[in-house]
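Residues per chain are reported as follows:
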Amino acid sequence: MPEKPVLTVTGLGKRYTLRHQAARGALSERLTAALRAPLRWFQRKSSGTSAGATAEDFWALRDVGFSIQRGEVVGIIGRNGAGKSTLLKILSRITEPTIGRITIRGRVASLLEVGTGFHPELSGRENIFLNGAILGMSRAEIYRKFDEIVAFAEVERFLDTPVKHYSSGMYVRLAFAVAAHLDPEILIVDEVLAVGDLEFQKKCLGKMEQVASGGRTVFFVSHNMAAVQRLCTRCVYLKQGSVVADGPVPRVIDTYLREASAAAGGRRWAYARKSPAIEIEEVELLVGTEPRVAVSCGSTVTFRARYRCSAPAQFSAGFEVSFIVFGQGQKLVNFWSNAGLGRTFPAAAHGTFTCTVPDWPFRSMPMSVQFHLNYRLENLVDLPEALTFDSVDSDRFGTGIVPHGSEGIVLLPHRWSST
Ligand SMILES: Nc1ncnc2c1ncn2[C@@H]1O[C@H](COP(=O)(O)OP(=O)(O)O)[C@@H](O)[C@H]1O
Ligand SMILES: [Mg+2]
């Protein structure tokens, strides 16, 4: 007889009610509530149950079902807004599902977005004890783990500083150390690798591997497909709140990579238009001729913006356009501009601006692209997040292996020799 699953989810749904003006308590009231019961405060905050004017219902998760065996390491992937964090919050009991059932056998520790779980006014030391207590550990148990947690997080010097003064890197290091060291049966980790530095990312992956090899169950959300490939034994792909693929990691990642991006639509861009004469209708990311939500290292990648212009004659000197690419942690990684190459594009009633990068160099990381359109150096259109997508490691050099290691942000062609 097979072992009973540690976690079963059936018909899970989460509905958020989006309100135009949610009624909120006075600031002092909210602060007091937060100080008294941080966890409950976060629960209320994230499930948005405050009274207010009803607007529209929105299902962040729809009919999600799976069952997980002990020792499985499950990667959850999907685009921004797919419902990954909502799912992890429900599994961590930070927020309630609207419908559906969850059965969990074992103690859950979770590391969700920076900001949940820790109390900003309390010191690092106090938060370790608070989190341990929330996990149901005795003080003696926490004492036994204390030094290990502090050493892993590298926060010795700041142990008695309130965590609100921590940098996001310090914060996430401590939060991860607490979650991973308190011996949970189920460890839930959301996007931690997007915050920490590379050294720490490696440490986290190592620790998660160790937790998993000890027969614990791990849920892991990441945009880093190489990390998912390395760590996970199973992968779940969420799209608009539903599971579209669940199974072996390479197959599910492949499905994800092949998904065409949803039509970008122009609605949220109206405000970014400073000249009524020009309108950007769509910004797309293509590999070959296919729209994509993710690109693998080495592919030929095309950025394309479709526009309409009601008065092309006004723009006789031509448009200057740029695609500005940001990587992990919103770091600027590249800037492609036609003006940078001494060119402008003639204005027409409608058309496209296209920039093709023949050999995409970036390794696994979440990326975003900003689109700019200038006329004679004056900015007419600025779309800060015209696209968000994932870059993914690949067998870039055709050696049959994905180059190992999370170091560096690019894979550049290179040659070796020995004499
Ligand atoms: N507290 C909330 N109130 C209303 N909508 C929310 C709330 N939390 C998340 N959402 C919405 O639910 C969807 C899924 O969000 P999330 O689970 O954070 O996605 P992911 O982690 O995959 O990026 C998004 O459209 C998001 O805007
Ligand atoms: Mg998320």
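Caption draft 1: Highlighting the packing of helix 5 (residues 139-153) against helix 6 (residues 168-181). The interhelical angle for the contact between helix 5 and helix 6, taken along N-to-C directions, is 145°, at an axis separation of 8 Å. In terms of crossing hand, the pair formed by helix 5 and helix 6 is right-handed. Two secondary-structure elements touch here, helix 5 through Lys-145, Glu-148, Ile-149, Phe-152 and Ala-153 and helix 6 through Arg-173, Leu-174, Phe-176, Ala-177, Val-178 and His-181. Considering only residue class, the contact of helix 5 with helix 6 consists of seven nonpolar, one polar and three charged.

Caption draft 2: Local environment of the sheet that holds strand 5 (residues 108-111). What the six strands build is an open sheet, ordered 5-6-7-3-8-9; its pairing is mixed. The outermost strands of the open sheet, each flanked by one partner alone, are strand 5 and strand 9 (242-247). Put simply, the sheet's adjacent strands are angled 15° from each other on average, direction ignored. Alignment of strand 3 (residues 73-77) against strand 8 (residues 234-239), held across four bridges, turns out to be parallel. Residue pairing for strand 8: Gly-75 is matched across the bridge by Cys-235. Across the sheet, helix 3 (residues 84-91) is in contact with strand 3, strand 5, strand 6 (186-190), strand 7 (217-221) and strand 8; its angle to strand 6 comes to roughly 150°. Contacting strand 5 and strand 6, helix 6 crosses the sheet at an angle of about 165° to strand 5.

Caption draft 3: A look at the environment of Asp-382. When you line up the elements, Asp-382 lands in strand 18 (residues 378-392). Classification of Asp-382 as partly exposed rests on a relative accessible area of 22%. Sequence-wise, Asp-382 and Ile-280 are 102 residues apart; in three dimensions their C-alpha atoms are separated by 9.9 Å. At 2.9 Å, the side chain of Asp-382 and the side chain of Gln-370 are in polar contact.

Caption draft 4: The packing of aromatic side chains, seen in detail. Under the defined criterion, the tally for this structure stands at 22 aromatic pairs. Judged by centre distance (5.2 Å) and plane angle (65°), the rings of Phe-129 and Tyr-143 are edge-to-face. Remark: Tyr-143 occurs in helix 5 and Phe-129 occurs in helix 4 (residues 124-134); sequence separation between them is 14 residues. When its relative accessible area of 53% is taken as the criterion, Tyr-143 is described as exposed. On the numbers, 6.2 Å between centres and 75° between planes, the contact of Tyr-307 with Phe-319 is edge-to-face. With Tyr-307 in strand 13 (residues 301-309) and Phe-319 in strand 14 (residues 319-327), the pair connects residues that are 12 residues apart, well separated along the chain.

Caption draft 5: A look at a nonpolar patch on the surface. Together, Ile-409, Val-410 and Leu-412 line one region of the surface with nonpolar side chains, adding up to about 240 Å² of accessible area. By the secondary structure assignment, Leu-412 is in the segment after strand 18.

Caption draft 6: A look at the confidence of the model for the chain. When pLDDT is averaged along the chain, the result is 82, and 84% of the positions lie at 70 or above. Confidence drops under pLDDT 50 across residues 22-52; counting only partners more than four residues distant or on other chains, this segment forms 37 contacts. Ignoring residues within four places in sequence, the model shows residues 260-268, a span with pLDDT below 50, making 14 contacts including any to other chains.

Caption draft 7: Inspection of the pattern of salt bridges at higher detail. Under the counting rule described, the total for this entry stands at 14 salt bridges. As a salt-bridge pair, Arg-363 and Asp-393 come within 3.1 Å of each other at their nearest N and O atoms. Within this pair, whereas Arg-363 is found in the loop between strand 16 (350-357) and strand 17 (365-375), its partner Asp-393 is found in the segment after strand 18, the two being separated by 30 residues in sequence. Each member of the pair, Arg-363 as well as Asp-393, carries the same accessibility label: buried. One network of salt bridges, with partners in common, ties together Glu-281, Glu-282, Arg-306 and Arg-308.

Caption draft 8: Inspection of the sheet that holds strand 13 at higher detail. Ordered in space as 11-10-13-16, the four strands form an open sheet in which the pairing is antiparallel. The open sheet terminates on both sides in strands that have one partner only, identified here as strand 11 (290-291) and strand 16. Pairing between strand 10 (residues 278-287) and strand 11: two bridges, direction antiparallel. Each residue of the ladder has a partner; that of Val-287, found in strand 11, is Glu-290.

Caption draft 9: Examining helix 4 more closely. Of all the residues in helix 4, the buried ones are Gly-124, Asn-127, Ile-128, Phe-129, Asn-131 and Gly-132. Looking at the buried side of helix 4, the elements it contacts are helix 5 and helix 6. Just downstream of helix 4, Gly-136 is the residue with a positive phi angle, here 85°.

Conventions we followed
- Along each chain, residues carry numbers from 1 onward, in the same order as the chain's sequence is written.
- All chains are assigned letters beginning at A, and all ligands numbers beginning at 1, according to the order in which they are written.
- Local features are withheld for residues below a pLDDT of 70 in this predicted model, meaning they are given only at 70 or higher, and side-chain atom pairs are given and counted only at 80 or more; totals for whole chains, interfaces and linings count all residues.
- Excluded from the side-chain calculation are hydrogens and water; included are all heavy atoms of the structure.
- Here the axes come from fitting lines to C-alpha atoms, over the contacting stretch only for helices, and the angles between their N-to-C directions go from 0 to 180 degrees.
- Every helix listed is a DSSP run of H or I at least four residues long, and every strand listed is a run of E at least two residues long, numbered separately from the N terminus.
- With the far helix as reference, a near helix turned anticlockwise by less than a right angle produces a left-handed crossing, and one turned clockwise produces a right-handed crossing.
- Throughout, a contact is declared for two residues whenever any of their heavy atoms are within 4.5 Å.
- Only Asp, Glu, Lys and Arg are considered charged in this grouping, and only Ala, Val, Leu, Ile, Met, Phe, Trp, Tyr, Cys and Pro are considered nonpolar; every other residue, Gly among them, is considered polar.
- What makes two strands pair is DSSP finding at least two bridges between them.
- Buried means the residue's accessible area, taken with a 1.4 Å probe over protein chains only, is under 20% of the maximum for its type, while exposed means over 50%, and partly exposed covers the values in between.
- Whenever two N or O atoms come within 3.5 Å, that pair is a polar contact, provided that in protein one can donate a hydrogen and the other can accept it, and provided that, for residues adjacent in sequence, both atoms are side-chain atoms.
- Pairs were defined over the aromatic rings of Phe, Tyr and Trp, the Trp ring being its six-membered one, requiring ring centres within 6.5 Å. Orientation was assigned from the angle between planes: stacked under 30 degrees, edge-to-face over 60, tilted for the rest.
- Residues enter patches when they are more than 30% accessible in relative terms and free of salt bridges; like-charged ones are connected within 9 Å and nonpolar ones (Val, Leu, Ile, Met, Phe, Trp, Tyr) within 5 Å.
- Areas reported as accessible are Shrake-Rupley estimates using a 1.4 Å probe. Residue values count occlusion only from the protein chains shown.
- Note on definitions: salt bridges are taken to be side-chain nitrogens of Lys or Arg within 4 Å of carboxyl oxygens of Asp or Glu.
- Per-residue confidence from the prediction method is given by pLDDT, with values spanning 0 to 100.

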